[in-house]
Amino acid sequence: MRRSVGIGLLITLAWPLVLAGQGVPAADSLARLASAASAANTVAINFVWTLVAGFLVMFMQAGFAMVETGFTRAKNAAHTITMNFMVYGIAMLAYWAIGFAFQAGGVGPLGTLGGYDKLAHEVSITIAGKEWGLFGGTGFFLTGVAYTAPVFAYFLFQMVFMDTAATIPTGALAERWKFSAFAVFSVFVGAFIYPIYANWTWGGGWLAMLGKNLGLGHGHVDFAGSSVVHMTGGVMAFVAAALLGPRRGKYNADGSVNAIPGHNIPMALIGTFILAFGWFGFNAGSTLAGSDLRIGVIATNTMLAGAAGSITAMLYMWIRYDKPDPSMMANGALAGLVAITAPCAFVTAPSAVLIGGVAGVLVCVAVFFIDGKLRIDDPVGAISVHGVNGLWGILSLGLLADGTYGDGWNGVNGAVRGLFYGDASQFAAQLIGGVANVVGVGVMAFVAYKATAFVVGGHRVAPQVEELGLDLPEMGALAYPDTPEVASAVILSETASRGIGQLAPEPEAV
């Protein structure tokens, strides 16, 4: 034992002399070793952070399922929750096969995850000597990057974001959408619609280049997806719901609106809490770096905006309609979370509360406008929560980004500043990004809707199926087989009521 200790001491004392004899300064060598170990640890921390955040976002699917199912009728509960369940698998595989390559095939080095730089094929056009990216061109089926850990981690994180966008239309089209149509449309979302706009903003595409090419701030900036995820989902929901038409009994002949209440408000509110919890992964995880201490600011801003949205929605409904309305409280909280998703890293805490508070009122106004004035039936308020407040989120960044974060974003020197902090061009870039979403995603959603109709023979279930409930005819199983369907009744005025024997074919809206 003494001999072993003595040998150890001898080696320890002699090692610096050996290094010196080789012409290598001991201190410099140890410093390099320490630096390499620190860099490796940082990358490892970033990997774990990104994956855990992705797991949180994946769990948001349970929240969406509960919110949408709770806000719809009991006779359609199995159908609604199954759409939320299967969009995960259907859209994911479409994204794995095609979508990821279109989105991230030209994203460039994955700096926080070790610097892998082979996702470098961006299909672009040249205008006035400037490159404008359209979509990526490498990484299909995750081939060519086999067992490349940074790409796989990045894929997982981006995939669950895509899935969030893909599940938004299921709420707006609930209670009358054929399951076969849902399945085919979800393939288009995962393979084309979401990835292409995501590339424009996050994959080195043309919206990201508005700063470098035209001097518009840092280009279109969206930290965690107010436009890329939520507005994309909202625009798809708007187009598809307008084409599909309202549920039977939603509107009377005189244009008045009938309430069709959800069957389980507690379920919807619990789902909202799950979504709020997962949003910490959604927003703070978008640093892709647990070593970025800004995650503390991002997480707190996220929480504050959601709380502010729930309060202002409650007060708006209470003051205007004499009741606080639990469903609008939930949508107010979600609206605040949607709105803060883009600016969460770039704004102060008071700005986060302001953004969330405005969102809470905005969602209430938008729900009644879309439902009553535009006569687009959205059972869960998805268009108002995600589409309208996704737009508000990117515009709020263009107004309130305070210049303390984002140096080098999209290749532009300096931090991100909004209009109120001296950079009007950033607001212009945000506005262009919003218009591009409405036009680009809207056109793609329209084409996907028509193509889906051709493949499956239309989107809408038969009137008899809709009246009696989609669970058994579409899914072959009732959500509540032992529960009377009293709560599933549509609240109709006497003039609009029809017996089941009076059902007439109801063509889809065009």
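All of these numbers come straight from a predicted model, not from anything done at the bench.

Chemist: Looking at this model, I keep getting lost on the overall build of the chain. Mind explaining?
Modeler: Of regular secondary structure, the chain possesses 15 helices and two strands. Looking at the chain as a whole, 53% of its 510 residues are labelled buried. Summarising the internal contacts of the chain: among those between residues at least 6 apart in sequence, 78% fall at separations of at least 24.

Chemist: Got a minute to help me understand unusual backbone geometry in this structure?
Modeler: Excluding glycine, a negative phi dihedral is what most residues carry, and trans is how most peptide bonds are arranged. One non-glycine residue with positive phi stands out, namely D322, at about 75 degrees. Relative to the elements of secondary structure, D322 occurs in the loop between α9 (295-321) and α10 (326-340). Under the relative-accessibility criterion, D322 is labelled exposed at 58%. Within the chain, D325 stands out as a residue other than glycine whose phi angle is a positive 65 degrees. Mapped onto the elements, D325 comes out in the loop between α9 and α10. Of the residues examined, D325 reaches a relative accessible area of 24% and is grouped as partly exposed.

Chemist: Help me out: how do you make sense of the pairing of strand β2 (residues 130-136) in this one?
Modeler: In summary, the side chains of a regular strand alternate between the two faces of the sheet. Across six bridges, strand β1 (residues 122-127) lies against β2 in antiparallel orientation. Looking at the pairing, E122 lines up with G136 of β2. Between β1 and the antiparallel strand that follows it, β2, lie two residues; A128 among them carries a positive phi value of about 55 degrees.

Chemist: Help me out: how do you make sense of the pattern of salt bridges in this one?
Modeler: Applying the stated criterion across every chain yields a total of seven salt bridges. The salt bridge involving R73 is made with E175; its shortest N-O contact spans 2.9 Å. Of this pair, R73 sits in the loop between α2 (26-70) and α3 (77-104) while E175 sits in the loop between α4 (149-172) and α5 (179-202); the two residues are 102 residues apart in sequence, bridging distant segments of the chain. For E467, the salt bridge identified is with R248, shortest N-O distance 3.5 Å. Separated by 219 residues along the polypeptide, E467 in helix α14 (residues 463-468) and R248 in the loop between α7 (226-244) and α8 (265-284) bring together distant segments of the chain. Residue R248 is classed as buried on the basis of its relative accessible area of 8%. Overlapping salt bridges, with partners in common, bring together R73, E175, R247 and D377 in one network.

Chemist: What exactly am I supposed to notice about the nonpolar core here?
Modeler: General note: in soluble globular proteins, nonpolar side chains tend to be found buried as a group. Counting 121 residues, the largest nonpolar core has F100, F161, Y194 and F346 as the members making the most contacts within it. Aside from chain neighbours lying at most four places away, what touches Y194 is Q103, Q158, F161, M162, A165, V189, W202, V228, V229 and T232.

Chemist: Could you clarify how one ought to interpret helix α13 (residues 424-456) in this entry?
Modeler: Since there are 3.6 residues in each turn of an α-helix, residues three or four apart along the chain are aligned in direction. The end-to-end C-alpha distance of α13, which contains 33 residues, comes to 47 Å, matching closely the 48 Å that a straight helix rising 1.5 Å per residue would cover. Positioned one or two residues after α13, G457 has a phi angle of 80 degrees, which is positive.

Chemist: Explain a nonpolar patch on the surface here, please?
Modeler: A surface patch of nonpolar side chains, about 600 Å² in accessible area, is lined by L431, V435, V438, V439, V443, F446 and V447. Along the chain, V438 falls in helix α13. According to the relative accessible area criterion, V438 is partly exposed, its value standing at 45%.

Chemist: Would you explain the packing of helix α11 (residues 349-373) against helix α12 (residues 382-400) in this entry?
Modeler: Any two packed helices are characterised by the angle at which their axes cross and by the distance between the axes. At their nearest, the axes of α11 and α12 sit 9 Å apart, and the two run at 145 degrees to each other. Between α11 and α12 lies a crossing whose hand is right-handed. In this structure, α11 contributes S351, L354, I355, V358, A359, L362, V363, A366, V367 and I370 to the contact, and α12 contributes I383, S384, V385, V388, N389, W392, S396 and L400. Residue composition of the contact of α11 with α12, by class: 14 nonpolar, four polar and no charged.

Chemist: Please clarify how the environment of A74 should be interpreted in this entry.
Modeler: Summarising the element assignment, A74 is placed in the loop between α2 and α3. Separated by 397 residues in sequence, A74 and D471 have C-alpha atoms that sit 9.1 Å apart.

Chemist: Explain the packing of α4 against α5 here, please?
Modeler: As a packed pair, α4 and α5 sit with axes 9 Å apart at the nearest point and diverge in direction by 125 degrees. As judged from the angle between their axes, α4 and α5 are oblique. Of the two possible hands of crossing, α4 and α5 adopt the one that is right-handed. For the pair α4 and α5, the contacting residues are Q158, F161, M162, A165, A166 and T170 in the first and F182, V189, G190, Y194 and W202 in the second. Its residues assigned to classes, the contact of α4 with α5 comprises eight nonpolar, three polar and no charged.

Chemist: Sorry if this is basic, but what is going on with the packing of aromatic side chains here?
Modeler: Given two aromatic rings, one states the distance between the centres and the angle between the planes to describe the pair. Across all of its chains, the model carries 24 aromatic pairs by this definition. On the numbers, 5.7 Å between centres and 40 degrees between planes, the contact of W279 with F282 is tilted. Here F282 and W279 lie together in helix α8, a separation of three residues that amounts to about one turn. Comparing W279 with F282, the two get one shared label, buried. One aromatic cluster is present, built from ring pairs that chain together F102, F135, F140, F188 and F192. Directly above the ring of Y251 sits R375, whose terminal nitrogen or CZ lies 4.3 Å from the centroid.

Chemist: Teacher, can you tell me more about the environment of V184 here?
Modeler: Note that V184 resides in helix α5. Along the chain, V184 and V456 lie 272 residues apart, while their C-alpha atoms are 8.1 Å from each other. If sequence neighbours within four positions are ignored, V184 has contacts with T452, V455 and V456.

Chemist: Hey, could you run me through the confidence of the model for the chain in this one?
Modeler: Any residue range with low pLDDT should be treated as having predicted coordinates unsuitable for detailed reading. Looking at the chain as a whole, the pLDDT averages 91, with 89% of positions reaching at least 70. Considering only residues more than four positions removed or in separate chains, one finds that residues 7-21, a stretch of pLDDT under 50, has two contacts. Counting contacts from residues 491-505, a segment whose pLDDT is below 50, to residues more than four positions away or on other chains yields 20 contacts.

The rules behind each value
- Residues numbered from 1 in each chain as written.
- Predicted model: local features only at pLDDT ≥ 70, side-chain atom pairs only at ≥ 80, totals over all residues.
- Heavy atoms only, no water.
- Helix = DSSP H or I, 4+ residues; strand = E, 2+ residues; numbered from the N terminus.
- Buried < 20%, exposed > 50% of the residue type's maximum accessible area, 1.4 Å probe, protein only.
- Contact = heavy atoms within 4.5 Å.
- Pairing = 2+ DSSP bridges.
- Salt bridge = Lys/Arg side-chain N within 4 Å of Asp/Glu carboxyl O.
- Core = buried A, V, L, I, M, F, W, Y, C linked by side-chain atoms within 4.5 Å.
- Expected span 1.5 Å × (residues − 1).
- Patch = residues over 30% accessible without salt bridge, like charges linked within 9 Å, V, L, I, M, F, W, Y side chains within 5 Å.
- Areas by Shrake-Rupley, 256 points an atom, 1.4 Å probe, with all protein chains shown as cover.
- Axes fitted to C-alpha atoms, helices over the stretch in contact; angles between N-to-C directions.
- Left-handed = near helix turned anticlockwise from the far one by under 90°.
- Nonpolar A, V, L, I, M, F, W, Y, C, P; charged D, E, K, R; others polar.
- Parallel < 35°, antiparallel > 145°, perpendicular 65-115°, else oblique.
- Phe/Tyr/Trp six-rings, centres within 6.5 Å; stacked < 30°, edge-to-face > 60°.
- Lys NZ or Arg CZ within 6 Å of the ring centre and 35° of its normal.
- pLDDT = per-residue confidence, 0-100.

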